Each structure stands twice: as structure tokens, then as C-alpha cells.
Amino acid sequence: MAGEPQADCLFCKIVAGNIPATVVRETETTFAFRDINPQAPTHVLVIPRVHYPDAASLAAAEPAVAADLLREAGRIAAEEKLDDHGYRVVFNTGAGAGQTVFHAHAHVLGGRGLQWPPG
């Protein structure tokens with residue numbers, strides 16, 4: 001059921017503490033940790049504690065949690081000192097866009113030049 005932890009979801013297992021992660025921040029509604037395959041010097045994943053397959057389904061079902069996720073992305077960028085030089089927040093939706101874990105999440109990327117358009 002949407003919103004409920006999924007037994008086969010990697011990110012649900014990380015939130016539950018069953019899989020270790022390098023935690024950056026935690027709130028009542030979000031959980032942020034360093035990506036194990038970073039694409040920039042700073043690469044943090046910000047996920048909701050509730051399970052939805054992508055950002056659009058999260059926003060439709062729980063807009064307040066989606067807003068919390070974006071707020072935390074900004075706070076992380078500030079704590080990582082990215083806000084002075086710029087950073088990117090990315091939501092991949094669907095396998096064709098590069099989504100590999102189907103639990104809504106934002107990538108906070110920074111610490112190097114980020115070209116446009118992205119690859």
C-alpha cells in the first residue's frame with residue numbers, strides 16, 4: 001500500500017536501520033544520507049520516510065511531506081556550504097530517466113561545475 005514501508009525497497013530498509021548508511025540529517029518526515037556512488041563531491045539523497053515510488057506520486061498523496069523533502073534539500077545544501085556556489089536538486093522519475101530505486105528521493109549535488117543540459 002502506498003505510504004507504507006515496502007519489504008523489497010532498499011530505501012525503506014535504510015530508513016528502518018536494516019541497511020547502514022552515512023546519515024546526514026533526519027527529521028520526522030525525511031531521512032538524508034550520502035550516495036554510495038557519488039556523481040559530485042557532495043551527493044546526498046533526501047528521501048521521505050513514507051514510501052511512494054516517485055516524486056509526483058509523493059506530491060499528489062502527501063504534499064506536506066514533499067515540501068519537507070525540498071526544505072531539507074535546501075538545508076543540506078546550506079550545511080554542506082553549497083548554497084554560495086550553486087547546487088542541483090534532481091528527481092529522476094522512471095527507469096528511462098535513470099531512476100533505479102523506486103522510492104521517491106531527491107539528489108542534492110554540488111561541489112563541482114554542473115553543466116546544462118545534464119547528461
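Scroll up a little and you will see the structure.
Quantities reported herein were computed from a predicted structural model and do not represent experimental measurements.

Undergrad: I would appreciate a short explanation of the pattern of salt bridges in the present structure.
TA: Two side chains of opposite charge can pair, provided their charged atoms sit close to one another. Here the structure, examined in full by the defined rule, presents 6 salt bridges. The closest approach of N and O atoms between Arg49 and Glu26, which form a salt bridge, is 2.8 Å. Here Arg49 is found in the loop between β3 (42-48) and α2 (55-61), whereas its partner Glu26 is found in strand β1 (residues 23-26), with 23 residues between them in sequence. Look at Arg49 and you get partly exposed, because its relative accessible area is 26%. Overall, the relative accessible area of 49% leaves Glu26 in the partly exposed class. Here Arg71 ties to Asp68 by a salt bridge, and the two come within 2.7 Å at their closest N and O atoms. You can see Arg71 and its partner Asp68 sitting in helix α3 (residues 63-79), 3 residues apart, about one turn around the helix. Here Asp68 falls in the buried class, since its relative accessible area comes to 19%. Ionic contacts of the salt-bridge type, sharing partners, join the residues Arg25, Glu72, Arg75 and Glu79 into one network.

Parameters and conventions
Residues numbered from 1 in each chain as written. Predicted model: local features only at pLDDT ≥ 70, side-chain atom pairs only at ≥ 80, totals over all residues. Heavy atoms only, no water. Salt bridge = Lys/Arg side-chain N within 4 Å of Asp/Glu carboxyl O. Helix = DSSP H or I, 4+ residues; strand = E, 2+ residues; numbered from the N terminus. Buried < 20%, exposed > 50% of the residue type's maximum accessible area, 1.4 Å probe, protein only.

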